[in-house]
Amino acid sequence: MDLGVRWKLHGDGKTPAPGAVVRPDERLSWPRTAGLGAQHVVAMFGASFVAPVLMGLDPNLAIMMSGVATVIFLLATRGRVPSYLGCSLSFVGVAAVIRAQGGTSATVTGAVLVVGAALFLVGLAVQRFGARIIHIAMPPVVTGAVVMLIGFNLAPVTASTYWPQDQWTALLVMLFTGLAVVCLRGFWSRIAIFLGLVFGYVLSWVLDLIFGKIHSVDGSGKVTDHWRLDLSAVGHADWVGLPSFHGPSFEWSAILVALPVVIALVAENAGHVKAVGEMTGETLDDKLGTAISADGIGSMLSTAVGGPPNTTYSENIGVMAATRVYSTAAYWAAAGFALLFGLCPKFGAVVAAIPGGVLGGITVILYGMIGLLGAQIWVNAKVDLRNPLNLVPAAAGIIIGVGNVSMEFTDTFSLSGIALGTLVVITGYHALRAFAPAHLKTQQPLLDEGTSSYDAKGEGDGGQRAGA
């Protein structure tokens, strides 16, 4: 059985040719692969560390279980879908609502475990009936809009959380990283994001030595005098330590609050798989159901021991877009590092100490790359945005996602940001399509070419190949 753990050496394993792509079944030398894996860990670490803190869960457990979930995902997809599964930010608001209702950490993880189970069942349905059912619901105009709003929804995090902590460091890191991505050659260009983080780390330390504390907002949002690089937590952290585990608790009121998030997760997975397919040049429709199910299994396993849910990470897709290295070997390395970091609080403290201004400079580039992959889907699928059937739902959903618009349905249930924007794009497109005149419907096929050709091949075996 091919589990996707055999890789061909790309060239000499050292320096890919300019513009060359390292495919998922290829790898560079193991030291270079380990370096790329470390870059993926750094890319996902910020959100995967912050999200569980906001949810009231153990961040070290979140990091460790993200490594476990990534291994499950890579094995399930046979190494064809290079992705990292980090802590999902979609549940931060859900956790806040559940806790406001008197729920505990066990109540939160129990509700999210049910969402993971629902996601797993959706994945099984896609495997059984083919990727067609997803693409009927989300044709290229929809998937492009979803990918775009997922990326651009992260913009306020940069603008309001990271950048204001040290605007000049953020600007210098952004400029350095941009130059590194474009101007460096060989392997160094492939780890430009990581180099940007190291540059910002050292720069913040030097600025603290020269100018002392900075007067700005800190990580908590308070305006105060603080060090750019605060290593105090590193000294107090243990070298080795197990995270805290706990079992889930199931309450219907909490489950009903969390369950609608499955809509966003399905769209998020579909958008990410589509984005990876666009970058690698391979149609991954036959792995879409498997990817969704694997995400569900990873979230179920994590929440069963007290960790947060997981999802394919936009940040790591952005790293692949910048490096053009799609090797799943790098993700295996990243998963290994995550397991070690999860068991070593001191390493976690070092990475968590990355200054906010540094993250501001990096995320300006990364988040923008993610959003623009949605535009690439539109371009490749030749989506006609002059057609109001395409333009109206995409425009409305993107603005809702980017602006983090919120809709409160009851005192205890609301949708906002990615979830609401995705819902508006999907329901808006199909509702308008039902009432649109015929000439607007015929300007673009419902299914993109890649999906149509895949499903045509699978018709003879009843769509079973969708889960192969």
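Residues numbered from 1 in each chain as written. Predicted model: local features only at pLDDT ≥ 70, side-chain atom pairs only at ≥ 80, totals over all residues. Heavy atoms only, no water.

Chemist: Please provide a residue-by-residue account of the overall build of the protein chain, values included.
Modeler: Across its full length, the protein chain holds 22 helices and 8 strands. In the protein chain, 79% of the contacts between residues at least 6 apart in sequence involve partners at least 24 apart. With an accessible surface of roughly 19100 Å², the protein chain has 68% of that area assigned to carbon and sulfur atoms. (Helix = DSSP H or I, 4+ residues; strand = E, 2+ residues; numbered from the N terminus. Contact = heavy atoms within 4.5 Å. Areas by Shrake-Rupley, 256 points an atom, 1.4 Å probe, with all protein chains shown as cover.)

Chemist: Kindly report on the packing of helix α6 (residues 140–152) against helix α18 (residues 356–381), identifying the contributing residues and their values.
Modeler: Orientation of α6 relative to α18, taken along the N-to-C sense of each, is 170°, at an axis distance of 6 Å. When the axis of α6 is compared with that of α18, the two are roughly antiparallel. Taken together, the residues of α18 that come into contact with α6 (itself represented by Pro140, Val141, Thr143, Gly144, Ala145, Val147, Met148, Gly151 and Phe152) are Tyr367, Gly368, Ile370, Gly371, Leu372, Leu373, Gly374, Ala375, Ile377, Trp378 and Ala381. Residue classes in the contact of α6 with α18 are distributed as 14 nonpolar, 6 polar and no charged. (Axes fitted to C-alpha atoms, helices over the stretch in contact; angles between N-to-C directions. Parallel < 35°, antiparallel > 145°, perpendicular 65-115°, else oblique. Nonpolar A, V, L, I, M, F, W, Y, C, P; charged D, E, K, R; others polar.)

Chemist: Talk me through the nonpolar core; I want residue IDs and the actual numbers.
Modeler: Counting residues in hydrophobic clusters, the biggest one holds 93 residues, and the most contacted among them are Met44, Met138, Val142, Leu288 and Trp378. For this core, the element with the most residues is helix α13 (residues 261–280), which contributes 10 residues. With sequence-adjacent residues up to four places away left out, Met44 is seen in contact with Ile63, Ser66, Tyr84, Tyr313, Asn316 and Ala338. Membership of the second largest hydrophobic core comes to 5 residues, among which are Val22, Leu36, Val325 and Ala330. (Core = buried A, V, L, I, M, F, W, Y, C linked by side-chain atoms within 4.5 Å. Buried < 20%, exposed > 50% of the residue type's maximum accessible area, 1.4 Å probe, protein only.)

Chemist: Mind laying out the packing of aromatic side chains, listing which residues take part and the relevant values?
Modeler: If you walk through the whole model with that rule in mind, you get 3 aromatic pairs. For the pair Trp7 and Trp30, a centre-to-centre distance of 5.9 Å together with 85° between the ring planes defines the contact as edge-to-face. One end of the pair, Trp7, is in the segment before β1 (8–9); the other, Trp30, is in helix α1 (residues 30–55), and 23 residues separate them in sequence. A ring pair is formed by Phe337 and Phe341, whose centres lie 6.3 Å apart and whose planes are at 20°; its orientation type is stacked. Residue Phe337 and its partner Phe341 are both found in helix α16 (residues 328–343); the two are separated by 4 residues, about one turn of the helix. Here Phe341 falls in the buried class, since its relative accessible area comes to 15%. (Phe/Tyr/Trp six-rings, centres within 6.5 Å; stacked < 30°, edge-to-face > 60°.)

Chemist: Could you give me a rundown of the pattern of salt bridges, with the residues and numbers involved?
Modeler: A full pass over the atoms with the stated rule returns 5 salt bridges. Across the pair Lys8 and Asp25 runs a salt bridge, and its minimum N-O distance is 3.7 Å. With Lys8 in strand β1 and Asp25 in the loop between β1 and β2 (26–27), the pair connects residues that are 17 residues apart, well separated along the chain. The partly exposed category is assigned to Asp25, whose relative accessible area is 34%. Salt-bridge contacts for Arg228 lead to Asp166; the nearest nitrogen and oxygen are separated by 3.2 Å. Placement of the pair is Arg228 in the loop between β5 (223–226) and α11 (232–236) and Asp166 in the loop between α7 (155–162) and α8 (167–183), with a sequence separation of 62 residues. Asp166 shares its class with Arg228; the two are buried. Linked through salt bridges whose partners overlap, the residues forming this network are Asp166, Asp208 and Arg228. (Salt bridge = Lys/Arg side-chain N within 4 Å of Asp/Glu carboxyl O.)

Chemist: Report on the packing of α8 against α18, specifying residues and quantitative values.
Modeler: Orientation of α8 relative to α18, taken along the N-to-C sense of each, is 45°, at an axis distance of 7 Å. Relative to α18, α8 is oriented oblique. The interaxial crossing formed by α8 with α18 has right-handed handedness. For the pair α8 and α18, the contacting residues are Thr169, Ala170, Val173, Met174, Thr177 and Gly178 in the first and Gly357, Val358, Gly360, Gly361, Ile362, Val364 and Ile365 in the second. Class assignment of the residues belonging to the contact of α8 with α18 gives a composition of 7 nonpolar, 6 polar and no charged. (Left-handed = near helix turned anticlockwise from the far one by under 90°.)

Chemist: So, α6: which residues are in play, and what are the values?
Modeler: With 13 residues, α6 extends 18 Å between its outermost C-alpha atoms, agreeing within 8% with the 18 Å of an ideal straight helix rising 1.5 Å per residue. Every buried residue of α6 is listed here: Pro140, Val141, Val142, Thr143, Gly144, Ala145, Val146, Val147, Met148, Leu149, Ile150 and Gly151. (Expected span 1.5 Å × (residues − 1).)

Chemist: Got a sec to walk through unusual backbone geometry? Specific residues and values, please.
Modeler: Phi angles above zero are rare outside glycine, and Arg78 is one such case at about 55°. Looking at the element boundaries, Arg78 is found in the loop between α2 (59–76) and β3 (85–87). Judged by relative accessible area, which is 31%, Arg78 ranks as partly exposed.

Chemist: Could you give an account of a nonpolar patch on the surface, naming the residues involved and the relevant values?
Modeler: Taken together, the side chains of Val198, Val202, Trp205, Val206, Leu209, Ile210 and Phe211 present a nonpolar region at the surface, about 700 Å² in accessible area. Residue position: Ile210 is located in helix α10 (residues 192–211). The exposed category is assigned to Ile210, whose relative accessible area is 56%. (Patch = residues over 30% accessible without salt bridge, like charges linked within 9 Å, V, L, I, M, F, W, Y side chains within 5 Å.)

Chemist: Outline the environment of Gly247, listing residues and values.
Modeler: Here Gly247 is to be found in the loop between α11 and α12 (252–258). Look past the residues within four positions of Gly247 in its chain and what remains in contact with it is Ala106, Thr109 and Ala304.

Chemist: A description of helix α20 (residues 417–435) should follow, citing residues and the corresponding values.
Modeler: The first and last C-alpha atoms of α20 sit 27 Å apart over 19 residues, in line with the 27 Å expected at 1.5 Å per residue. Taken together, the buried positions of α20 are Gly417, Ile418, Ala419, Leu420, Gly421, Thr422, Val425, Ile426, Gly428, Tyr429 and Arg433.

Chemist: Requested: an account of the confidence of the model for the protein chain, with residues and values cited.
Modeler: Across the protein chain, the average pLDDT comes to 81, with 90% of residues at 70 or higher. Across the protein chain, helix α14 (residues 288–304) holds the top mean pLDDT of 93, while helix α22 (residues 449–458) sits lowest at 39. (pLDDT = per-residue confidence, 0-100.)

Chemist: Tell me about the environment of Glu268, and name the residues and values.
Modeler: Mapped onto the fold, Glu268 is located in helix α13. Note on Glu268: relative accessible area 7%, which makes it buried. Distance in space between the C-alpha atoms of Glu268 and Ile150 is 7.5 Å, their sequence separation being 118 residues. When sequence neighbours within four positions are dropped, the list of residues in contact with Glu268 reads Ser90, Ile150, Thr311 and Thr312.

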